Amino acid sequence: MYSFWASLKENISLTDRLMLFCAISLAVWGVFCIYSAAAGTEGHGFDYAFRQAAWLLVSITAMLIVLMVGHHKMLEGAYPLFGLMLLLLLLTLLTPKVKGAQSWLGFGGVRFQPSEFAKIALILTMSKFLSRYPPLDVKTFLMGLGVIMIPVGLVVIQPDAGSALAYLVISFGMLVAAGTPFKYLAVIAGTGLSAIPVLFLFVLKDYQKNRILVFIDPMRDPLGAGYNVIQSRIAVGSGGFSGKGFMMGTQSKLKFLPEPHTDFIFSVFSEEFGFIGGMILIILFTVLLFRIIIAGIRSRERRCKILVAGVASWLWFQMFESIGMSIGIVPVTGLPLPFLSYGGSSLLSTFIALGLVASVCVEEENSRHLY
Amino acid sequence: MELLDSRLKLFLWGITLSVMILISGLYLCQIYQGDKYIRLAHSNRLRMIRFSAPRGEIFDRNGVPLAVNDTTFSIMGYPLDLNTPEKLQHLSKILMRHGIPMTVPDLEKTIKQQRLAPYRVMKIVPNLTMPQMAELIADYEFPRELFPLSVWRRTYPAGTTAANIIGYVGEISENELKLRADEGYTGGDLIGKSGIERSYESELRGSPGQEALEVDARGRKIRTLDANPAVKGEDIHLTLDMGAQKLAVELLKNWKGAIVAMDVHTGAVLALASSPVYDNNPLAWGVSAREWNAVMNDPQRPMLNRAIAGVYPPASTFKAFMSIASLEENSITQSTTVSCRGGLRFGSHLFKCWKHSGHGSLNVIGGLQHSCDVFFYQVGLRTGIEKLIKWGRKFHLGEPTGIDLPGESGGNIAGPEWKMRRFNTAWSGGDTVNYSIGQGYMLMTPIQIARVYAAIANGGKMVTPHLNPKGYRTPENIGLNPNKLEIVRRGLEAVVSRGTGSRAGRFGVHVAGKTGTAQNSHGDDHALFAGYAPAEEPKYVAVAVIEGGKHGSSVAGPLVGQMLAHLLSH
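All figures in this text were calculated on a predicted structure; none of them were measured in a lab.

Caption draft 1: Representation of the interface of chain A and chain B within the structure. Contacts between the two partners involve 55 residues from chain A, matched on the other side by 40 residues from chain B. With both chains or domains summed, chain A and chain B bury close to 4,200 Å², and 78% of this area falls on carbon and sulfur atoms. Here chain A and chain B share one salt bridge between them. A salt bridge links Lys305 of chain A to Asp5 of chain B, with the nearest nitrogen and oxygen atoms 2.5 Å apart. Summed over the shared surface of chain A and chain B, the result is seven residue pairs in polar contact (both at pLDDT 80 or more). Counting only elements with at least two residues in the side of chain A that touches chain B, the list comes to helix H8 (161-177), helix H9 (182-203), helix H11 (225-239), helix H13 (265-298) and helix H14 (302-326) of chain A. Per element, the largest residue contribution to the side of chain A that touches chain B is 13 residues, and it comes from H13 of chain A. Residue classes in the side of chain A that touches chain B are distributed as 31 nonpolar, 16 polar and eight charged.

Caption draft 2: Highlighting the sheet that holds strand E20 (residues 526-533) of chain B. All names here are of chain B. Here we have five strands laid out as an open sheet, ordered E12-E11-E21-E20-E19, and antiparallel in their pairing. Each having just a single partner strand, strand E12 (269-275) and strand E19 (512-518) make up the two edges of the open sheet. Within the sheet, the average angular offset between the axes of one strand and its neighbour, ignoring direction, is 5 degrees. Judged from the six bridges that link them, strand E11 (residues 256-263) and E12 form a sheet pairing that is antiparallel. Looking at the pairing, Ala258 lines up with Ser274 of E12.

Caption draft 3: Up close: the pattern of salt bridges. Going through the model one piece at a time under the given rule, you end up with 22 salt bridges over all chains. The closest approach of N and O atoms between Arg291 of chain A and Asp16 of chain A, which form a salt bridge, is 2.7 Å. Placement of Arg291 of chain A in helix H13 and of Asp16 of chain A in the loop between helix H1 (2-14) and helix H2 (17-41) is noted, with a sequence separation of 275 residues between them. Taking the relative accessible area as the measure of exposure, Arg291 of chain A reaches 22% and is therefore partly exposed. Relative accessible area serves as the criterion here: at 9%, Asp16 of chain A is assigned to the buried category. Note that Glu329 of chain B and Lys390 of chain B form a salt bridge whose closest N and O atoms lie 2.6 Å from each other. Highlighted residues: Glu329 of chain B in the loop between helix H14 (319-328) and strand E13 (338-340) and Lys390 of chain B in helix H17 (residues 385-394), separated in sequence by 61 residues.

Caption draft 4: Structural detail: a nonpolar patch on the surface. All names here are of chain A. Judged by side-chain polarity, Val28, Phe32, Tyr35, Phe46, Phe50 and Phe246 come together as a nonpolar surface patch covering roughly 610 Å² of accessible area. Residue assignment for the nonpolar patch shows that the elements contributing at least two residues are H2 and helix H3 (45-69). Tracing the chain through its elements places Val28 in helix H2.

Caption draft 5: Examining the packing of helix H6 (residues 114-132) of chain A against helix H7 (residues 138-157) of chain A more closely. Residue and element names in this part refer to chain A. Look at H6 against H7: their axes get within 11 Å of each other, and the N-to-C directions meet at 175 degrees. When the interaxial angle is binned, H6 and H7 end up roughly antiparallel. Here Ser115, Leu122, Thr125, Met126 and Phe129 of H6 come into contact with H7, specifically with Met143, Gly144, Val147, Ile148, Pro151 and Val155. Considering only residue class, the contact of H6 with H7 consists of eight nonpolar, three polar and no charged.

Caption draft 6: Spotlight on the confidence of the model for chain A. Confidence along chain A averages 84 in pLDDT terms, with 86% of residues attaining 70 or more. Confidence, expressed as mean pLDDT per element, reaches its minimum in chain A at helix H12 (residues 250-253) of chain A with 65 and its maximum at H14 of chain A with 94.

Caption draft 7: Molecular detail of the environment of Asp139 of chain B. Residue and element names in this part refer to chain B. Its place among the elements puts Asp139 in the loop between helix H5 (130-138) and strand E5 (147-155). Sequence separation of Asp139 and Arg97 is 42 residues, and the distance between their C-alpha atoms is 9.8 Å. Once you skip the residues sitting within four places of it in the chain, Asp139 turns out to touch Ile94, Arg97, His98 and Arg144. Among the polar contacts listed, one links the side chain of Asp139 to the backbone nitrogen of Glu141, at a separation of 2.8 Å.

Caption draft 8: A look at the domain arrangement of chain B. All names here are of chain B. Here the domain parsing of chain B yields domain 1 (47-237) and domain 2 (242-569). On a C-alpha basis, the centroid separation for the pair domain 1 and domain 2 is 46 Å. Taken together, the contacts link 30 residues of domain 1 with 28 residues of domain 2. Summed over both sides, the interface between domain 1 and domain 2 buries roughly 2,300 Å², with carbon and sulfur atoms accounting for 59% of that surface. The three residues of domain 1 that bury the most area against domain 2 are Thr161, Asn164 and Tyr168, which together make up 26% of that side's buried surface. Here domain 1 and domain 2 share two salt bridges between them. One salt bridge connects Lys470 with Glu234, and the closest N-O pair in it is separated by 3.2 Å. Counting across the interface, domain 1 meets domain 2 through ten residue pairs in polar contact (both at pLDDT 80 or more). Elements represented by at least two residues in the side of domain 1 that touches domain 2 include exactly E5, helix H6 (163-166), helix H8 (195-199) and strand E10 (236-237). Here the side of domain 1 that touches domain 2 is built from residues that sort into 13 nonpolar, ten polar and seven charged.

Cut-offs used in this document
- Residues numbered from 1 in each chain as written.
- Chains lettered and ligands numbered in written order.
- Predicted model: local features only at pLDDT ≥ 70, side-chain atom pairs only at ≥ 80, totals over all residues.
- Heavy atoms only, no water.
- Contact = heavy atoms within 4.5 Å.
- Buried area = accessible area lost by both parts, 1.4 Å probe.
- Salt bridge = Lys/Arg side-chain N within 4 Å of Asp/Glu carboxyl O.
- Polar contact = N/O pair within 3.5 Å; in protein donor to acceptor, adjacent residues only side chain to side chain.
- Helix = DSSP H or I, 4+ residues; strand = E, 2+ residues; numbered from the N terminus.
- Nonpolar A, V, L, I, M, F, W, Y, C, P; charged D, E, K, R; others polar.
- Pairing = 2+ DSSP bridges.
- Axes fitted to C-alpha atoms, helices over the stretch in contact; angles between N-to-C directions.
- Buried < 20%, exposed > 50% of the residue type's maximum accessible area, 1.4 Å probe, protein only.
- Patch = residues over 30% accessible without salt bridge, like charges linked within 9 Å, V, L, I, M, F, W, Y side chains within 5 Å.
- Areas by Shrake-Rupley, 256 points an atom, 1.4 Å probe, with all protein chains shown as cover.
- Parallel < 35°, antiparallel > 145°, perpendicular 65-115°, else oblique.
- pLDDT = per-residue confidence, 0-100.
- Domains from an automatic or database assignment.

Put into C-alpha cells, the structure is as follows:
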C-alpha cells in the first residue's frame, strides 16, 4: 500500500502540474456554471451541479489510474480497445432514439455515450498505427484513412454529425503530426471542401442545412434554428466587459437560451463573467493546449508525439467550435465545451486522455534522468 | 523525429492563431457591440406569441351545426409589465370602470401563475366579447403594453341532444401533455375530452399559429419578424341525422336508457341517444369544481353513454342469435318442434316460460313469434354452450364494435372459461339454459345488439358502426346460410305482424324485430326491442333499451317503431 501511494506521489511530482491545474480549474468553474445554467431552466441547478461534481471526482480518479498504468500499457491494448468501442458504437444503433439520435448506452443505471470514449480508442489506435506505418507514401496513407473511416461511419449513422466531425479533426491533426506530406493533406482538405456542396445538397438533413444558413443570416428563421444563434449572441454580448455576475444572467434564467447547461454553456459563462472571464477561460485553455503539445515535443517516442497531437486536436476543436458557436462565428453543432459542459461521458473521457498525456510527461522526465 | 517536432510546433502556431480569432470575436461581441446586446437583452426584443387554431367544426349529415367556434377576446400581456402594485391598481381601476370585475388580488393571482417566465406573454383577462374588448381598448388610459388576442370558444348548438356523441373540449391536463409530448401541445391548449371531439382530435385540432415580434422596451410591438398563420382543423360531417336524434332523445325523455339507429348496410349511425342527458356547453367553457363534481357524481349517471357503454342482458332479443346458431349447427331444423307446458325441469330446478300456461307445440318461427322460453331452453341444451360461444365470437359478442367514440364497452360473452376464471366454478347446464334466453352472465350494449340485428337484416355481414364517414370499414361477411337466415327473418316478421312485438308495427312501416324483457335484480325489469325495416328489404336497424321499462313489448317496441318510421319517411 505504501509503495502505491509513494509511486502515485512520485508520478504526480514528475508530471506537468501546470497542465493538470488548468484542466481542474476549468472543470471546477464548469460545475459552478452548470449550477447557474440549470437553475433557471429546470429549477434543478443543484442536482445537475452535484452530479457534475461527482463525475469530476470520478474523472480525476480515472486520470490518476491512467497515469499509474501508463500510456505504454494503454497503447499495447489499443487495438482490442478500438474493437470494443466499435462494438459499443454498433450496439447504440440498437437503442431507442433520444432527441433524434441513438448515442446512449445504459449500463446498470448509468448511461454513457460510447462516441466520447471512442475518441480515446481512436487516438490510441491511430498513434500506434501511424508510428508503425508512417503515412509517407500513398499506400500507408490510405491505410490510415481506412482505419479512421470506420468509427466516423458508425457515428454518422447514429446520426451524430458533431462527433463525426470531431473524429475527422482529431485524425487530421494526427496525420499532420505524423509527418504526412503536405500534398496528401492538401488533397484531403481539397476533397473535404469540394464535398461541401455535395453534402449540402444530398446528405445533410434539413435541420443541419438550416443551422448553416442561419449561421450566415440568423434573421432568416428567427422562430426556429436562428433563435438559438440570436439568443446566444445576445447572452454573450450583454455580458459586456465584466459580466453580470454569477447567477445574475437573465438570458439563461428566463429560458431564452436553449440547452444552457450543455451546448450553450459558454453563453451562460460569458453572460455572467463577461469579457474578463472569457479571457481567463481562453488563456487557461491555451496554456493547457500548449503544455500538451510541449509534452509531445519533449518526448522521445514517435507514437507519443502523434498521441498528444490527437488529444490536443480534440480539445482544441471542441473548444473552438463551442465558443465560436456561442458568439456566432461558426455554425451550431451539438459539441460539448471540454471540462465545462454538463455530461459525465465527455468529462470522464477528456480526463482519461489527459491521463495519457500526463503519463507521457512522466516517461519523458524519467528518461531524462536516465541519460 | 525532426519532422514530427516541426509539425508539433506548427500546432502551437495554429492554436495561437485560433485563440486570437476567438478573443477578437469575443471583443467584438462583448465590448465593441456590447451596448447593443445589453439593450437587446434588457428588453429582450424577440417575443413569441402563439395563437390557437380554430377547431374544425362538426355537422350532422344535413349540415346542421353541432360544434362551432365563437370568437371571444382575451387581454394579453407580459408579467414584467405588471410588476408593481401601482400598475395593477391602475389596470384594475380601468377594468372595473368597464364592468369587468377584476380586483388587484385577482390580477396578482393570475400573474403569479407565470412568475418564472416574465418575458412570456400570458392571458391577463379572459373571455371578453367583441363590444367589451372594443370599449376597453378605446379607453385612453388603457395600458399600451397590453393587447387583445382573439381566441376561439367552442359551443355546441345542439347541447343536450347530442352531447353524448359530440363530447366536449377542455384545457389539456398535465397528464395529457405528457402523453402527447411530441405533438406540439402546450399548457392552456384545448383538447377533445370525450366523444367525437376526442376520437377525431388530430383532425379537428388544426395547427396553431405563431408570431415572432420585435418589441420595444415597454413591450409594444414594433414589427412582426415572422409569422406562421394558424390553420383551421378539418370539419367533420357526421352520419348522424339530427331529426332522428332529436326524436330519439324526446322518446327517451321520461326514461333512463338508450336508442340506437343505424344503416344496416354500412353501419352509419343515424341516431345514438342516451338518457338522461347532460349539457356539454358549460363543460367546454370551464366549470367550477363543484359543478363538475355534481355532474360526475350524479346518481343518474348522465355522463355514461348508455348506447355504447351501458351493458344489459340482451334477454329475448338474443333469441334471434340463438336461432341462427342452432340452425347453422344443425341442432334444429325448421320442422323441429318443442312442446311448451309452461316450464322446463332441469336437474332440481324448474325453468319457467314467461307464459305460465305454456305455448303448446311450436317450431323455431313460433318460438320467436311468441318468444317461448322453453323452446329456446331446449335449443340451447341441444346446441351446447361451446357451439353457442363459437357463434358468439363470429358475431363479435364480448368485444367492442369499434364505433368511433371513446369509452365503448365490449359487454361480456361469458362461457365456461370465463366463469372458471371469474368465479372459479364450472359452467353448469342451468347456466346454458339461462344463457339461451339472454339472461345470466351474457351482457351486451345497445350498439352491439343493433350490429347483430343489422347482420340479420343485411344477409350476414358484420358492419362497423361509425359516426364519421371516415370510420367506415368494409363489412365482414360471416358466411350465414341464406335459407336458414330466411327462416329467422320470417320469425322476426311474425313477432311484429302477429306476435309479442305487434306494437312496434303500428307506425306505417313494415317492421321485423324482437322484444326483450331483462330481469333486473336492482329494480324493475329492463325493456328491450331490436328491429329493422322495411322487413322485406331492410334499410335501417333500431334498438331501444329502457331501464326499468318492465315490458319490451309495450314500452320499447313502439319507440323502435317510431324511429324506423321516421327514418323511412325522411
